[in-house]
Amino acid sequence: MRNLRTGSANSSVSEKADIPHEWIDTPAALADLVGSLLKEPAYAIDTEFHRERTYYPHLALVQIAWPGGLVLIDPLAVHVSALVPLFESSVVAVFHAADQDLEVLQHLTGTAPRRIFDTQVAAGFVGFSTPSLSTLSERVLGLRLSKGDRLTDWTQRPLTSAQKNYAASDVLHLLELRDQLNEQLEASGRTQWLDEELVILQARSRGDGHAERAWWRLKDGRVLRGKDRLVAQQLCVWRERRAQAEDKPVRFVLPDLAVLTIAQSRPDTVDALGTMRGLDGRYLKGGANREILEVVRDAGDMPSSALQVPVPDDFDRKLRPALTLVSAWVAQLARDAKIDATLLATRSDLVSLLRGDSDARLAVGWRSEIVGGAVRKLVSGEAALAFGDASSLVLEERSGSSLSIDIALPTADWLLDSPSAGEEDLLPSSN
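The structure presented is a predicted model; accordingly, all values stated were derived computationally and were not measured. (Residues numbered from 1 in each chain as written. Predicted model: local features only at pLDDT ≥ 70, side-chain atom pairs only at ≥ 80, totals over all residues. Heavy atoms only, no water.)

Chemist: Looking at this structure, I do not really get the pairing of strand E4 (residues 69-73). What am I missing?
Modeler: Each regular strand shows side chains that alternate between the opposite faces of the sheet. Of all the five residues making up E4, five are buried; the element is thus mostly covered by neighbouring parts of the structure. Here E4 shows a buried face lined by Gly69, Val71 and Ile73 and a second buried face lined by Leu70 and Leu72. Strand direction decides the pairing type here: strand E1 (residues 22-24) and E4, joined by three bridges, are parallel. Directly across from Trp23, in E4, lies its bridge partner Leu72. (Buried < 20%, exposed > 50% of the residue type's maximum accessible area, 1.4 Å probe, protein only. Helix = DSSP H or I, 4+ residues; strand = E, 2+ residues; numbered from the N terminus. Pairing = 2+ DSSP bridges.)

Here you go:
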(Lines give C-alpha, C1' and ligand atoms only; values in the text may rest on other atoms or scores of the structure.)
Protein backbone atom coordinates (compact mmCIF):
# COMPACT_ATOMS: atom_id res chain seq x y z
CA MET A 1 0.00 0.00 0.00
CA ARG A 2 1.22 3.49 -0.77
CA ASN A 3 2.22 5.82 2.02
CA LEU A 4 -0.02 8.85 2.18
CA ARG A 5 0.39 12.33 3.53
CA THR A 6 -2.70 13.39 5.39
CA GLY A 7 -2.05 17.11 5.44
CA SER A 8 -1.79 19.45 8.41
CA ALA A 9 -3.84 21.91 10.38
CA ASN A 10 -4.90 25.26 8.92
CA SER A 11 -4.97 23.80 5.42
CA SER A 12 -7.77 22.58 3.20
CA VAL A 13 -8.57 19.56 1.14
CA SER A 14 -8.99 20.86 -2.37
CA GLU A 15 -12.03 19.80 -4.28
CA LYS A 16 -9.85 19.42 -7.38
CA ALA A 17 -6.76 17.72 -5.88
CA ASP A 18 -6.80 13.93 -6.10
CA ILE A 19 -6.34 12.19 -2.77
CA PRO A 20 -3.95 9.24 -3.23
CA HIS A 21 -5.75 5.95 -2.75
CA GLU A 22 -5.97 2.37 -3.97
CA TRP A 23 -9.07 0.87 -5.54
CA ILE A 24 -9.89 -2.58 -4.14
CA ASP A 25 -12.06 -4.78 -6.34
CA THR A 26 -10.59 -8.31 -6.07
CA PRO A 27 -10.69 -10.88 -3.24
CA ALA A 28 -6.89 -11.11 -3.24
CA ALA A 29 -6.42 -7.37 -2.81
CA LEU A 30 -9.04 -7.25 -0.06
CA ALA A 31 -7.41 -10.16 1.78
CA ASP A 32 -4.06 -8.39 1.54
CA LEU A 33 -5.63 -5.24 2.97
CA VAL A 34 -7.12 -7.12 5.94
CA GLY A 35 -3.74 -8.70 6.65
CA SER A 36 -2.11 -5.26 6.73
CA LEU A 37 -4.80 -3.69 8.93
CA LEU A 38 -4.62 -6.49 11.49
CA LYS A 39 -1.15 -5.18 12.35
CA GLU A 40 -2.45 -1.66 13.02
CA PRO A 41 -3.84 -0.27 16.31
CA ALA A 42 -6.69 1.55 14.52
CA TYR A 43 -8.17 2.42 11.15
CA ALA A 44 -10.71 4.97 9.92
CA ILE A 45 -13.77 3.66 8.11
CA ASP A 46 -16.84 5.06 6.35
CA THR A 47 -19.46 3.73 3.93
CA GLU A 48 -21.58 5.04 1.09
CA PHE A 49 -24.92 3.35 0.50
CA HIS A 50 -28.41 3.83 -0.89
CA ARG A 51 -31.76 2.77 0.54
CA GLU A 52 -34.30 5.05 -1.14
CA ARG A 53 -35.91 2.20 -3.08
CA THR A 54 -35.00 -0.76 -0.88
CA TYR A 55 -35.82 -2.04 2.61
CA TYR A 56 -32.22 -2.80 3.45
CA PRO A 57 -29.33 -0.39 2.80
CA HIS A 58 -27.39 -1.30 -0.35
CA LEU A 59 -23.68 -0.78 0.17
CA ALA A 60 -21.92 0.99 -2.71
CA LEU A 61 -18.48 1.88 -1.29
CA VAL A 62 -16.29 1.32 1.77
CA GLN A 63 -13.51 3.78 2.59
CA ILE A 64 -10.67 2.82 4.95
CA ALA A 65 -7.62 4.86 5.95
CA TRP A 66 -4.69 4.28 8.29
CA PRO A 67 -1.26 5.90 8.65
CA GLY A 68 0.12 3.77 5.82
CA GLY A 69 -2.57 4.22 3.19
CA LEU A 70 -6.13 4.83 2.04
CA VAL A 71 -8.31 2.45 0.05
CA LEU A 72 -11.71 2.54 -1.59
CA ILE A 73 -13.34 -0.90 -1.59
CA ASP A 74 -15.86 -1.73 -4.30
CA PRO A 75 -18.54 -3.93 -2.69
CA LEU A 76 -20.19 -4.35 -6.08
CA ALA A 77 -17.16 -6.36 -7.17
CA VAL A 78 -15.99 -8.05 -3.97
CA HIS A 79 -17.96 -9.17 -0.91
CA VAL A 80 -17.14 -7.26 2.25
CA SER A 81 -17.57 -10.36 4.42
CA ALA A 82 -13.81 -10.64 3.97
CA LEU A 83 -13.57 -7.80 6.52
CA VAL A 84 -15.02 -9.98 9.31
CA PRO A 85 -11.61 -11.03 10.73
CA LEU A 86 -10.73 -7.34 11.01
CA PHE A 87 -14.06 -6.49 12.64
CA GLU A 88 -13.64 -9.28 15.19
CA SER A 89 -10.09 -8.27 16.06
CA SER A 90 -8.93 -5.79 18.70
CA VAL A 91 -8.11 -3.15 16.07
CA VAL A 92 -10.19 -0.01 16.72
CA ALA A 93 -12.54 1.13 13.94
CA VAL A 94 -12.87 4.93 13.93
CA PHE A 95 -16.15 6.28 12.52
CA HIS A 96 -17.93 9.59 12.35
CA ALA A 97 -21.65 9.13 13.14
CA ALA A 98 -21.31 5.36 13.19
CA ASP A 99 -24.92 4.27 13.62
CA GLN A 100 -25.92 3.80 9.98
CA ASP A 101 -22.50 2.47 8.99
CA LEU A 102 -22.79 -0.18 11.68
CA GLU A 103 -26.26 -1.08 10.42
CA VAL A 104 -25.16 -1.67 6.84
CA LEU A 105 -22.04 -3.61 7.85
CA GLN A 106 -24.04 -5.72 10.31
CA HIS A 107 -26.59 -6.55 7.63
CA LEU A 108 -24.00 -7.61 5.06
CA THR A 109 -21.47 -9.42 7.23
CA GLY A 110 -23.51 -10.54 10.22
CA THR A 111 -21.18 -8.62 12.52
CA ALA A 112 -19.67 -5.20 13.10
CA PRO A 113 -16.36 -3.91 14.47
CA ARG A 114 -15.88 -5.15 18.04
CA ARG A 115 -14.04 -2.00 19.11
CA ILE A 116 -15.16 1.39 17.84
CA PHE A 117 -14.55 5.09 18.30
CA ASP A 118 -17.11 7.62 17.07
CA THR A 119 -15.76 11.14 16.57
CA GLN A 120 -19.25 12.65 16.57
CA VAL A 121 -20.10 11.09 19.93
CA ALA A 122 -16.68 12.00 21.33
CA ALA A 123 -17.17 15.60 20.19
CA GLY A 124 -20.40 15.73 22.19
CA PHE A 125 -18.38 15.29 25.38
CA VAL A 126 -16.13 18.26 24.63
CA GLY A 127 -18.64 20.94 23.71
CA PHE A 128 -20.06 20.16 20.28
CA SER A 129 -23.70 19.44 19.55
CA THR A 130 -23.98 16.62 16.96
CA PRO A 131 -21.42 18.20 14.59
CA SER A 132 -20.97 17.20 10.98
CA LEU A 133 -17.59 15.85 9.95
CA SER A 134 -16.96 19.01 7.98
CA THR A 135 -17.68 21.25 10.96
CA LEU A 136 -15.60 19.16 13.31
CA SER A 137 -12.62 18.94 10.93
CA GLU A 138 -12.60 22.69 10.36
CA ARG A 139 -12.83 23.61 14.04
CA VAL A 140 -10.50 20.99 15.45
CA LEU A 141 -7.97 20.51 12.64
CA GLY A 142 -8.37 23.73 10.65
CA LEU A 143 -9.23 21.67 7.57
CA ARG A 144 -11.99 22.35 5.06
CA LEU A 145 -13.17 19.10 3.55
CA SER A 146 -14.09 18.92 -0.11
CA LYS A 147 -17.78 19.35 -0.79
CA GLY A 148 -19.63 16.68 -2.66
CA ASP A 149 -23.05 16.05 -4.09
CA ARG A 150 -25.03 14.41 -1.29
CA LEU A 151 -27.40 12.98 -3.90
CA THR A 152 -24.66 11.41 -6.00
CA ASP A 153 -25.17 7.89 -7.37
CA TRP A 154 -22.51 5.79 -5.63
CA THR A 155 -23.47 2.68 -7.60
CA GLN A 156 -22.27 4.07 -10.93
CA ARG A 157 -19.07 2.64 -12.32
CA PRO A 158 -16.55 3.94 -12.86
CA LEU A 159 -16.78 6.58 -10.14
CA THR A 160 -15.59 10.01 -11.14
CA SER A 161 -12.46 11.57 -9.67
CA ALA A 162 -14.67 14.02 -7.77
CA GLN A 163 -16.67 11.18 -6.23
CA LYS A 164 -13.55 9.29 -5.20
CA ASN A 165 -11.99 12.44 -3.78
CA TYR A 166 -15.09 13.24 -1.75
CA ALA A 167 -15.34 9.68 -0.44
CA ALA A 168 -11.66 9.57 0.47
CA SER A 169 -11.87 12.87 2.36
CA ASP A 170 -14.39 11.31 4.76
CA VAL A 171 -11.70 9.07 6.26
CA LEU A 172 -8.49 10.93 5.44
CA HIS A 173 -8.23 12.80 8.76
CA LEU A 174 -10.42 10.72 11.09
CA LEU A 175 -7.48 9.23 13.02
CA GLU A 176 -5.96 12.66 13.59
CA LEU A 177 -9.34 13.94 14.69
CA ARG A 178 -9.69 11.05 17.13
CA ASP A 179 -6.29 11.84 18.64
CA GLN A 180 -7.19 15.50 19.20
CA LEU A 181 -10.53 14.61 20.80
CA ASN A 182 -8.90 11.95 22.97
CA GLU A 183 -6.50 14.54 24.38
CA GLN A 184 -9.40 16.68 25.53
CA LEU A 185 -11.33 13.72 26.89
CA GLU A 186 -8.34 12.61 28.95
CA ALA A 187 -7.60 16.14 30.18
CA SER A 188 -11.19 16.58 31.41
CA GLY A 189 -11.53 13.05 32.77
CA ARG A 190 -14.29 12.10 30.35
CA THR A 191 -12.72 9.11 28.60
CA GLN A 192 -14.76 6.66 30.66
CA TRP A 193 -17.94 8.56 29.83
CA LEU A 194 -17.24 8.08 26.13
CA ASP A 195 -16.35 4.42 26.62
CA GLU A 196 -19.71 3.79 28.30
CA GLU A 197 -21.56 5.60 25.54
CA LEU A 198 -19.78 3.64 22.81
CA VAL A 199 -20.79 0.36 24.48
CA ILE A 200 -24.41 1.52 24.34
CA LEU A 201 -24.02 2.56 20.70
CA GLN A 202 -22.47 -0.76 19.75
CA ALA A 203 -25.13 -2.79 21.56
CA ARG A 204 -28.03 -0.93 19.97
CA SER A 205 -30.36 -3.24 18.06
CA ARG A 206 -30.14 -2.75 14.30
CA GLY A 207 -31.97 -5.84 13.13
CA ASP A 208 -35.33 -6.06 11.45
CA GLY A 209 -36.97 -4.97 14.68
CA HIS A 210 -40.33 -6.03 16.07
CA ALA A 211 -42.83 -6.24 13.23
CA GLU A 212 -45.68 -6.16 15.76
CA ARG A 213 -44.62 -2.65 16.74
CA ALA A 214 -44.42 -1.32 13.18
CA TRP A 215 -47.94 0.08 13.47
CA TRP A 216 -46.70 2.50 16.13
CA ARG A 217 -45.07 4.44 13.26
CA LEU A 218 -48.30 4.54 11.25
CA LYS A 219 -49.09 8.10 10.23
CA ASP A 220 -52.36 9.22 11.83
CA GLY A 221 -52.64 5.85 13.55
CA ARG A 222 -53.90 7.64 16.65
CA VAL A 223 -57.34 7.98 14.99
CA LEU A 224 -57.87 4.21 15.19
CA ARG A 225 -60.00 2.74 17.93
CA GLY A 226 -60.93 -0.70 19.21
CA LYS A 227 -60.59 -3.61 16.81
CA ASP A 228 -59.40 -1.29 14.05
CA ARG A 229 -56.07 -0.94 15.85
CA LEU A 230 -55.54 -4.70 15.91
CA VAL A 231 -56.30 -4.95 12.18
CA ALA A 232 -53.84 -2.12 11.52
CA GLN A 233 -51.22 -3.86 13.64
CA GLN A 234 -51.53 -7.10 11.67
CA LEU A 235 -51.55 -5.29 8.32
CA CYS A 236 -48.31 -3.55 9.31
CA VAL A 237 -46.80 -6.89 10.37
CA TRP A 238 -47.67 -8.33 6.96
CA ARG A 239 -46.41 -5.21 5.20
CA GLU A 240 -43.10 -5.23 7.10
CA ARG A 241 -42.37 -8.88 6.40
CA ARG A 242 -43.30 -8.61 2.73
CA ALA A 243 -41.08 -5.53 2.40
CA GLN A 244 -38.20 -7.47 3.94
CA ALA A 245 -38.74 -10.45 1.66
CA GLU A 246 -38.91 -8.28 -1.46
CA ASP A 247 -36.32 -5.76 -0.22
CA LYS A 248 -38.45 -2.73 -0.91
CA PRO A 249 -39.65 0.20 1.25
CA VAL A 250 -42.82 -0.55 3.19
CA ARG A 251 -44.59 2.31 1.41
CA PHE A 252 -44.08 0.41 -1.86
CA VAL A 253 -45.93 -2.57 -0.39
CA LEU A 254 -48.86 -0.73 1.17
CA PRO A 255 -49.17 3.03 1.88
CA ASP A 256 -50.13 4.23 5.34
CA LEU A 257 -53.38 5.68 4.00
CA ALA A 258 -54.37 2.27 2.64
CA VAL A 259 -53.59 0.59 5.98
CA LEU A 260 -55.84 3.09 7.80
CA THR A 261 -58.65 2.74 5.29
CA ILE A 262 -58.57 -1.06 5.29
CA ALA A 263 -58.38 -1.20 9.10
CA GLN A 264 -61.46 1.01 9.45
CA SER A 265 -63.50 -0.56 6.62
CA ARG A 266 -62.38 -4.19 6.92
CA PRO A 267 -63.28 -5.29 3.38
CA ASP A 268 -64.07 -8.99 2.90
CA THR A 269 -63.98 -9.30 -0.89
CA VAL A 270 -61.45 -8.50 -3.60
CA ASP A 271 -63.91 -6.06 -5.18
CA ALA A 272 -64.43 -4.23 -1.90
CA LEU A 273 -60.69 -4.11 -1.34
CA GLY A 274 -60.21 -2.49 -4.73
CA THR A 275 -62.35 0.48 -3.69
CA MET A 276 -60.22 1.35 -0.65
CA ARG A 277 -58.76 4.83 -0.59
CA GLY A 278 -54.99 4.95 -1.11
CA LEU A 279 -54.96 1.55 -2.79
CA ASP A 280 -54.60 0.78 -6.48
CA GLY A 281 -53.70 -2.19 -8.63
CA ARG A 282 -49.93 -1.92 -8.21
CA TYR A 283 -50.25 -2.82 -4.51
CA LEU A 284 -52.48 -5.83 -5.16
CA LYS A 285 -50.26 -7.83 -7.51
CA GLY A 286 -48.66 -11.19 -6.79
CA GLY A 287 -51.48 -12.41 -4.59
CA ALA A 288 -51.23 -9.42 -2.26
CA ASN A 289 -54.99 -8.83 -2.46
CA ARG A 290 -55.79 -12.30 -1.14
CA GLU A 291 -53.12 -12.02 1.57
CA ILE A 292 -54.50 -8.68 2.75
CA LEU A 293 -58.03 -10.07 3.01
CA GLU A 294 -56.69 -13.04 4.97
CA VAL A 295 -54.86 -10.71 7.37
CA VAL A 296 -58.04 -8.69 7.93
CA ARG A 297 -60.08 -11.84 8.53
CA ASP A 298 -57.56 -13.36 10.95
CA ALA A 299 -57.15 -10.09 12.85
CA GLY A 300 -60.90 -9.99 13.38
CA ASP A 301 -60.69 -13.32 15.23
CA MET A 302 -57.77 -12.32 17.45
CA PRO A 303 -58.33 -11.38 21.11
CA SER A 304 -57.79 -7.76 22.08
CA SER A 305 -54.89 -8.89 24.28
CA ALA A 306 -52.88 -9.53 21.07
CA LEU A 307 -52.60 -5.79 20.48
CA GLN A 308 -49.17 -4.37 21.30
CA VAL A 309 -49.38 -0.76 22.40
CA PRO A 310 -46.63 1.71 23.32
CA VAL A 311 -45.77 2.03 26.98
CA PRO A 312 -48.24 4.60 28.32
CA ASP A 313 -46.89 7.86 29.62
CA ASP A 314 -48.13 7.27 33.17
CA PHE A 315 -45.76 9.83 34.58
CA ASP A 316 -47.15 11.37 37.76
CA ARG A 317 -48.88 14.59 36.73
CA LYS A 318 -47.86 16.18 40.03
CA LEU A 319 -44.24 15.96 38.92
CA ARG A 320 -44.74 17.54 35.48
CA PRO A 321 -43.96 21.10 36.63
CA ALA A 322 -40.81 19.79 38.29
CA LEU A 323 -39.87 18.01 35.05
CA THR A 324 -40.04 21.26 33.11
CA LEU A 325 -37.88 23.09 35.62
CA VAL A 326 -35.36 20.26 35.93
CA SER A 327 -35.12 20.06 32.13
CA ALA A 328 -34.15 23.71 32.01
CA TRP A 329 -31.52 23.17 34.71
CA VAL A 330 -30.04 20.13 32.94
CA ALA A 331 -29.87 22.07 29.65
CA GLN A 332 -28.00 24.84 31.46
CA LEU A 333 -25.70 22.30 33.12
CA ALA A 334 -24.92 20.75 29.72
CA ARG A 335 -24.06 24.15 28.28
CA ASP A 336 -21.86 25.13 31.22
CA ALA A 337 -20.11 21.75 31.28
CA LYS A 338 -19.64 21.71 27.49
CA ILE A 339 -21.52 18.46 26.94
CA ASP A 340 -24.07 17.79 24.22
CA ALA A 341 -27.44 17.93 26.02
CA THR A 342 -28.62 14.75 24.28
CA LEU A 343 -25.66 12.90 25.78
CA LEU A 344 -26.13 14.27 29.28
CA ALA A 345 -29.87 13.68 29.67
CA THR A 346 -32.92 13.83 27.43
CA ARG A 347 -36.42 14.58 28.63
CA SER A 348 -37.18 10.86 28.27
CA ASP A 349 -34.22 10.08 30.54
CA LEU A 350 -35.63 12.40 33.21
CA VAL A 351 -39.10 10.88 32.93
CA SER A 352 -37.61 7.38 33.19
CA LEU A 353 -35.68 8.34 36.34
CA LEU A 354 -38.62 10.09 38.03
CA ARG A 355 -40.91 7.20 37.16
CA GLY A 356 -38.49 4.81 38.84
CA ASP A 357 -37.73 2.66 35.78
CA SER A 358 -35.19 -0.05 36.57
CA ASP A 359 -33.23 0.67 33.38
CA ALA A 360 -33.15 4.47 33.71
CA ARG A 361 -29.91 5.82 32.20
CA LEU A 362 -29.65 8.51 34.88
CA ALA A 363 -29.64 5.92 37.66
CA VAL A 364 -26.20 4.49 36.87
CA GLY A 365 -22.70 5.52 35.90
CA TRP A 366 -21.45 9.05 35.36
CA ARG A 367 -24.92 10.39 34.58
CA SER A 368 -26.10 9.35 38.02
CA GLU A 369 -23.21 11.21 39.63
CA ILE A 370 -23.85 14.42 37.69
CA VAL A 371 -27.61 14.47 37.16
CA GLY A 372 -29.41 11.52 38.71
CA GLY A 373 -28.44 12.17 42.32
CA ALA A 374 -29.24 15.87 42.09
CA VAL A 375 -32.65 15.20 40.54
CA ARG A 376 -33.50 12.75 43.30
CA LYS A 377 -32.63 15.39 45.89
CA LEU A 378 -34.92 17.86 44.11
CA VAL A 379 -37.98 15.63 43.97
CA SER A 380 -37.46 14.42 47.55
CA GLY A 381 -37.31 17.99 48.82
CA GLU A 382 -33.69 17.80 49.95
CA ALA A 383 -32.71 20.47 47.41
CA ALA A 384 -34.33 23.25 45.41
CA LEU A 385 -33.67 25.32 42.31
CA ALA A 386 -33.29 29.06 42.60
CA PHE A 387 -32.36 31.90 40.27
CA GLY A 388 -28.75 33.01 40.59
CA ASP A 389 -26.75 35.65 38.75
CA ALA A 390 -27.89 36.50 35.21
CA SER A 391 -31.07 34.47 35.77
CA SER A 392 -29.12 31.20 35.86
CA LEU A 393 -30.57 28.31 37.82
CA VAL A 394 -28.72 27.27 40.97
CA LEU A 395 -29.23 23.99 42.75
CA GLU A 396 -29.31 24.58 46.51
CA GLU A 397 -29.49 22.33 49.54
CA ARG A 398 -32.39 23.06 51.88
CA SER A 399 -29.80 24.53 54.25
CA GLY A 400 -29.27 27.32 51.71
CA SER A 401 -25.82 26.24 50.52
CA SER A 402 -25.23 25.58 46.82
CA LEU A 403 -25.02 21.94 45.81
CA SER A 404 -21.65 21.64 44.11
CA ILE A 405 -21.33 19.60 40.94
CA ASP A 406 -17.66 19.46 40.06
CA ILE A 407 -17.08 18.84 36.35
CA ALA A 408 -13.71 19.34 34.71
CA LEU A 409 -13.98 21.34 31.47
CA PRO A 410 -12.22 20.74 28.15
CA THR A 411 -9.62 23.44 27.53
CA ALA A 412 -8.66 23.38 23.84
CA ASP A 413 -8.61 26.69 21.97
CA TRP A 414 -10.81 25.25 19.25
CA LEU A 415 -13.60 24.84 21.80
CA LEU A 416 -13.93 28.56 22.49
CA ASP A 417 -16.08 29.26 19.45
CA SER A 418 -17.62 25.84 19.03
CA PRO A 419 -21.42 25.54 19.19
CA SER A 420 -22.04 24.51 22.77
CA ALA A 421 -24.50 21.91 23.84
CA GLY A 422 -27.62 22.57 25.86
CA GLU A 423 -28.80 25.61 23.89
CA GLU A 424 -32.33 24.23 23.70
CA ASP A 425 -35.00 25.76 25.91
CA LEU A 426 -36.03 22.26 26.88
CA LEU A 427 -34.27 18.96 26.46
CA PRO A 428 -34.92 16.71 23.46
CA SER A 429 -37.59 14.13 24.10
CA SER A 430 -35.70 11.09 22.88
CA ASN A 431 -32.17 9.74 22.65
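Chemist: What exactly am I supposed to notice about the packing of helix H8 (residues 191-203) against helix H17 (residues 365-380) here?
Modeler: Two quantities define a packed helix pair, namely the angle between the helix axes and the distance between the axes. With their axes 9 Å apart at the nearest point, H8 and H17 run at an angle of 120° to one another. The angle between H8 and H17 falls in the class oblique. Between H8 and H17, the contacting residues are Trp193, Glu196 and Glu197 on the first element and Gly365, Trp366, Arg367 and Ile370 on the second. Per-class residue counts for the contact of H8 with H17 are three nonpolar, one polar and three charged. (Axes fitted to C-alpha atoms, helices over the stretch in contact; angles between N-to-C directions. Parallel < 35°, antiparallel > 145°, perpendicular 65-115°, else oblique. Contact = heavy atoms within 4.5 Å. Nonpolar A, V, L, I, M, F, W, Y, C, P; charged D, E, K, R; others polar.)

Chemist: I keep staring at the layout of surface pockets and nothing clicks. Help me out?
Modeler: Using a probe with the size of a water molecule, rolled over the atoms, empty space left in the structure can be pinpointed. Its volume calculated, the largest pocket comes out at about 870 Å³. Put simply, the parts of the chain that give the lining of the largest pocket at least two residues each are strand E2 (42-50), helix H3 (99-109), helix H5 (133-141) and helix H6 (161-172). Residue contributions to the lining of the largest pocket peak at six residues, all from E2. (1 Å grid on protein atoms, 1.4 Å probe; cavity = no way out; pocket = protein on both sides within 12 Å on 5 of 7 lines; lining within 4 Å. Points joined across faces, edges and corners; volume = space filled by probe spheres on them.)

Chemist: Honestly, the pairing of strand E5 (residues 92-95) in this entry has me stumped. Any pointers?
Modeler: Judged by which residues are buried, E5 turns out to be covered on both faces: Val92 and Val94 on one side and Ala93 and Phe95 on the other are all buried. Judged from the three bridges that link them, E2 and E5 form a sheet pairing that is parallel. Paired with Tyr43 across the two strands is Ala93, which belongs to E5. Sheet topology note: the E5/strand E6 (residues 116-118) ladder contains three bridges and is parallel. Bridging across to E6, Phe95 finds its partner in Asp118. Tracing the backbone out of E5, into H3 and back to the parallel element E6 gives a crossover that is right-handed. (Right-handed = clockwise from strand over helix to strand, strands pointing away.)

Chemist: Quick question: what am I supposed to make of the packing of aromatic side chains here?
Modeler: Geometrically, a pair of aromatic rings is defined through the distance of the ring centres and the angle of the planes. Taken as a whole, this structure holds five aromatic pairs when the rule is applied. Here the aromatic rings of Phe125 and Trp366 are separated by 5.5 Å at their centres, their planes lie at 70°, and the arrangement is edge-to-face. One end of the pair, Phe125, is in the loop between helix H4 (119-124) and H5; the other, Trp366, is in helix H17, with 241 residues separating them in the sequence. Residue classification places Phe125 among the buried residues on the basis of a relative accessible area of 0%. Judged by its relative accessible area of 3%, Trp366 is buried. (Phe/Tyr/Trp six-rings, centres within 6.5 Å; stacked < 30°, edge-to-face > 60°.)

Chemist: Sorry, what's going on with the sheet that holds strand E3 (residues 58-66) here?
Modeler: Within a sheet, neighbouring strands are paired by backbone hydrogen bonds and run either parallel or antiparallel to one another. In space, the six strands of this open sheet follow the order E1-E4-E3-E2-E5-E6, with mixed pairing throughout. Looking at the sheet topology across the chains shown, the edges are occupied by E1 and E6. This sheet shows a mean twist of 25° between the axes of neighbouring strands, independent of strand direction. Here helix H7 (residues 174-187) sits on the sheet in contact with E2, E3, E5 and E6, set at roughly 120° to E2.

Chemist: Hey, could you run me through the environment of Leu37 in this one?
Modeler: Examined against the element boundaries, Leu37 turns out to sit in helix H1 (residues 27-37). Accessibility expressed as a relative area gives 0% for Leu37, which makes it buried. Through-space distance from the C-alpha of Leu37 to that of Ser89 is 10.0 Å; in sequence the pair is 52 residues apart. Discounting chain neighbours no more than four positions away, the residues touching Leu37 are Tyr43, Ile64, Trp66, Leu86 and Val91.

Chemist: In this structure, what is going on with the nonpolar core? I would like to understand it.
Modeler: What tends to happen in soluble globular proteins is that the nonpolar side chains get buried as a cluster. Tyr43, Ile64 and Ile73 are the most contacted members of the largest nonpolar core, which totals 98 residues. Apart from the residues lying within four places of it in its own chain, the contact partners of Ile64 are Leu33, Leu37, Tyr43, Ala44, Ile45, Gly69, Leu70, Val71, Ile73, Leu83 and Val171. Counting residues in each nonpolar core, the second largest holds 32 residues, with Tyr55, Leu230, Leu235 and Leu273 among its members. (Core = buried A, V, L, I, M, F, W, Y, C linked by side-chain atoms within 4.5 Å.)

Chemist: Help me understand unusual backbone geometry, please; the structure alone is not making it clear to me.
Modeler: In this structure, the amide linkage connecting Arg157 to the following residue, Pro158, adopts the cis form with an omega of 0°. Here Pro158 lies in the loop between H5 and H6.

Chemist: Any chance you could explain the environment of Glu197 here in plain terms?
Modeler: For Glu197, the position within the fold is in helix H8. Judged by relative accessible area, which is 8%, Glu197 ranks as buried. Excluding its chain neighbours within four sequence positions, the residues that come into contact with Glu197 are Val121, Phe125, Leu343, Arg361 and Arg367.

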